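What the coordinates show
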Amino acid sequence: MSEPTQRMPVVERGPTGADGLDQSASAAAYEPRPTLEGEEKSARFWSGRRIPAGLAALVLLGGAGVLLYDIAAVRAGRDAMQWRRTLADDLATRPLDDTAVLIGAGVAAALGLWLIVLAVTPGLRAVLPMRRTHTDIRAGLHRDAAAMVLRDRAMEVAGVQSVRVRMKRSKVDVRAVSHFRELDDVRADLDSALGDGITGLGLGSAPRLSVRVARPGRKG
């Protein structure tokens, strides 16, 4: 298997910030390793949406059960329930521009839109899909776990005092503090170490890498 193709990082060295800290920033994009022949593209994991689906099912089941019971009672010669008579009177007498009608319609539309969004979006944003090496196996990596791995990689770089890693779906945002060495040298080593770390995670699509290095703040 050949080595991964890596784009050269872009280095920016700006003036001293308003807080008196020298900063070094970089943005590098890393291509994933060549996939195996016939490997399928990794897609995002879909959430089961069990809680929203269960709540919607319970509400619909309860409402349908009460309504059917009341209709059967009326067919048997009994009076309709008070809530159904009141609801029928309100619907027959209230104008469409009434405040209560508009609020009820707005709530129903919002709930319907929410259910549609849940139905057409994958969910599970915290799980990053990994490369598929077998058609019957799918694997995912939690963002917090990926960020922890990259943070450990970054802490091994000489000169890094502390580092914060935010793992997103398409970007890795790294903020590091260096207490010695040139900031550009620390940034270059971080680019290299984190680039290897991102490739080693085995993600289905390689996220972009953004690294910023600064000096620690002055005490007192």
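Residues numbered from 1 in each chain as written. Predicted model: local features only at pLDDT ≥ 70, side-chain atom pairs only at ≥ 80, totals over all residues. Heavy atoms only, no water.

Re the overall build of the protein chain
Selection rule: Starting at the N terminus, helices and strands are each numbered in turn, a helix being any DSSP run of H or I of at least four residues and a strand any DSSP run of E of at least two. Burial here depends on accessible area, computed with a 1.4 Å probe over protein chains only, as a share of the maximum for the residue type. Under 20% is buried, over 50% is exposed, and the range in between is partly exposed. A contact between two residues is defined here by any heavy atoms of the two lying within 4.5 Å. The method behind every accessible area is Shrake-Rupley, applied with a 1.4 Å probe, and residues are considered shielded solely by the protein chains displayed.
The secondary structure content of the protein chain amounts to 5 helices and 7 strands. The order of helices and strands in the protein chain, counted from the N terminus, is β-β-α-α-α-β-β-α-β-β-α-β. Sorting the 220 residues of the protein chain into buried and exposed places 25% on the buried side. For the protein chain, long-range pairs separated by at least 24 residues make up 64% of all intrachain contacts whose partners lie at least 6 apart in sequence. As displayed, the protein chain offers around 14,700 Å² of accessible surface, 58% of which is attributable to carbon and sulfur atoms.

Things to note about the nonpolar core
Applied cut-off: Here the nonpolar core consists of buried residues drawn from Ala, Val, Leu, Ile, Met, Phe, Trp, Tyr and Cys, with membership extended through side-chain atoms lying within 4.5 Å.
In this structure, Leu150, Met167, Val172, Val174, Leu190 and Leu194 are the most contacted members of the largest nonpolar core, which totals 25 residues. At the level of secondary structure, the elements contributing two or more residues to this core comprise helix 4 (143–155), strand 5 (160–167), strand 6 (171–178), helix 5 (183–200) and strand 7 (208–214). For this core, the element with the highest residue contribution is helix 5, accounting for 6 residues. Excluding residues that lie within four positions of it along the chain, Leu194 makes contacts with Leu150, Arg153, Ala154, Val174, Leu209 and Val211.

Section: a positive patch on the surface
Stated precisely, the cut-off is as follows: Put simply, a patch holds well-exposed residues, over 30% relative accessible area, that have no salt bridge, with like charges counted together within 9 Å and Val, Leu, Ile, Met, Phe, Trp or Tyr side chains within 5 Å. Salt bridges are defined as contacts in which a side-chain nitrogen from Lys or Arg sits within 4 Å of a carboxyl oxygen from Asp or Glu. Positive charges come from Lys and Arg alone, negative charges from Asp and Glu alone, with His and the N- and C-terminal ends not counted. The atoms used to mark charge sites are NZ of Lys, CZ of Arg, CG of Asp and CD of Glu.
On the surface, a cluster of positive charge is contributed by Arg164, Arg166, Lys168 and Arg208. If you trace the backbone, Arg208 turns up in strand 7. Since its relative accessible area comes to 46%, Arg208 is described here as partly exposed.

So, unusual backbone geometry
With phi around 75°, Arg181 is a residue other than glycine that occupies positive phi space. Structurally, Arg181 can be placed in the loop between strand 6 and helix 5. For Arg181, a relative accessible area of 28% puts it in the partly exposed group.

Re the environment of Glu182
Here Glu182 shows up in the loop between strand 6 and helix 5. Sequence separation between Glu182 and Arg215 is 33 residues, and the spatial gap between their C-alpha atoms is 9.9 Å.

Let's talk about the packing of helix 4 against helix 5
For any two helices packed against each other, the geometry comes down to the angle between their axes and how far apart the axes lie. Under the convention used in this document: For helices, the fitted axis covers only the stretch in contact; all axes are lines through C-alpha atoms, and the angles between them, taken along N-to-C directions, range from 0 to 180 degrees. Each angle gets one of four labels, with under 35 degrees taken as roughly parallel, over 145 as roughly antiparallel, 65 to 115 as roughly perpendicular, and the rest as oblique. Each crossing gets its hand from how the near helix is turned against the far one by less than a right angle, where anticlockwise is left-handed and clockwise is right-handed. All residues other than Ala, Val, Leu, Ile, Met, Phe, Trp, Tyr, Cys, Pro, Asp, Glu, Lys and Arg, Gly among them, are scored as polar; the first ten of these are nonpolar and the last four charged.
Their axes nearest at 9 Å, the elements helix 4 and helix 5 cross at an angle of 150°. Overall, the two elements helix 4 and helix 5 adopt an arrangement that is roughly antiparallel. The handedness of the crossing between helix 4 and helix 5 is right-handed. Facing Leu150, Arg153 and Ala154 of helix 4, the residues of helix 5 in contact are Leu190, Ala193, Leu194, Asp196, Gly197 and Ile198. Among the residues making up the contact of helix 4 with helix 5, the classes are represented as 6 nonpolar, 1 polar and 2 charged.

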